[in-house]
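A look at the structure
Below, each chain spelled out in residue letters.
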Amino acid sequence: MSQPDGPEDDEEGSLFEAPPLGEQERMVEAILFASAEPVRVADMNARMPHGCDAARALEALRRRYEGRGVHLVRVGESWAFRTAPDLGFLMQKETVELRKLSRAAIETLAIIAYHQPVTRAEIEEIRGVSVSRGTVDQLLELEWIRFGRRRMSPGRPVTYVVTETFLDHFGLESARDLPGLRDLRAAGLLDSRPMPGTDEDDTDDAQGDMFEDES
């Protein structure tokens, strides 16, 4: 005949209870505040006590920071504290522009962002000119692009995709938040000609299908 659970069993079970949500919010807040880079949810869960739900705590914490001078923002699969956009002017004196991207680099970056994963040959087809190694190397050095999967085609060419550093720099949660292609053309960042194999009316509608996660 089984015996009812005693005080020892209750005490043992309590050892594995997750801290209250408010305490979990404090934990993720501390982790993010001490980190110089955006932190992934999985990394936060690994640091926090058993049973914690970092994703839930982050959403609650994000709501608490709404309207404050610092916002909690999502960057790809990671999270970080960032200055509220309307207060960015206060940081201008601390901003130093180390270098300007060439037009070729801007066009190449835009093509990668909107067509990722994309090969060098595909970039050259879209631009209509060859892509120098220095252009790609500059974007790799800035950590705005990285190597993606190799294509299962003759020669197995490498592909390029944008990084979370790119998303963070431009204040984007994901690549789906990029402006439309028409906006980029209006700003002079892309040639006014339609991309090869697309119609002018289809480019913006198809944008959302271009951003599948690379794992």
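Conventions used here
Residues numbered from 1 in each chain as written. Predicted model: local features only at pLDDT ≥ 70, side-chain atom pairs only at ≥ 80, totals over all residues. Heavy atoms only, no water. Pairing = 2+ DSSP bridges. Helix = DSSP H or I, 4+ residues; strand = E, 2+ residues; numbered from the N terminus. Contact = heavy atoms within 4.5 Å. Axes fitted to C-alpha atoms, helices over the stretch in contact; angles between N-to-C directions. Phe/Tyr/Trp six-rings, centres within 6.5 Å; stacked < 30°, edge-to-face > 60°. Buried < 20%, exposed > 50% of the residue type's maximum accessible area, 1.4 Å probe, protein only.

Things to note about the sheet that holds strand β5 (residues 145-150)
- With respect to topology, 3 strands assemble into an open sheet ordered β4-β6-β5, the strand pairing being antiparallel. If you trace the sheet from one side to the other, it starts and ends with β4 (118-119) and β5, each paired once.
- When β4 meets strand β6 (residues 158-162), the two strands line up antiparallel, connected through 2 bridges. By the bridge assignment, Thr119 is partnered in β6 with Thr159.
- Helix α7 (residues 133-141) rests against β5 and β6 of the sheet, and its axis sits at about 105 degrees to β5.

A short note on the packing of aromatic side chains
- Across all of its chains, the model carries 5 aromatic pairs by this definition.
- Arranged with centres 6.4 Å apart and planes meeting at 75 degrees, the rings of Trp144 and Phe166 form a pair that is edge-to-face. Linking Trp144 in the loop between α7 and β5 with Phe166 in helix α8 (residues 164-169), this pair joins segments that are 22 residues apart in sequence. For the pair Trp144 and Phe166, one class covers both residues: buried.
- Residues Phe147 and Tyr160 carry aromatic rings whose centres are separated by 5.6 Å and whose planes lie at 40 degrees to one another, so their mutual orientation is tilted. Taken together, the positions of Phe147 in strand β5 and Tyr160 in strand β6 put the pair 13 residues apart, joining distant regions of the chain.
- The structure contains a cluster of three or more aromatic residues connected by ring pairs, namely Trp144, Phe166 and Phe170.

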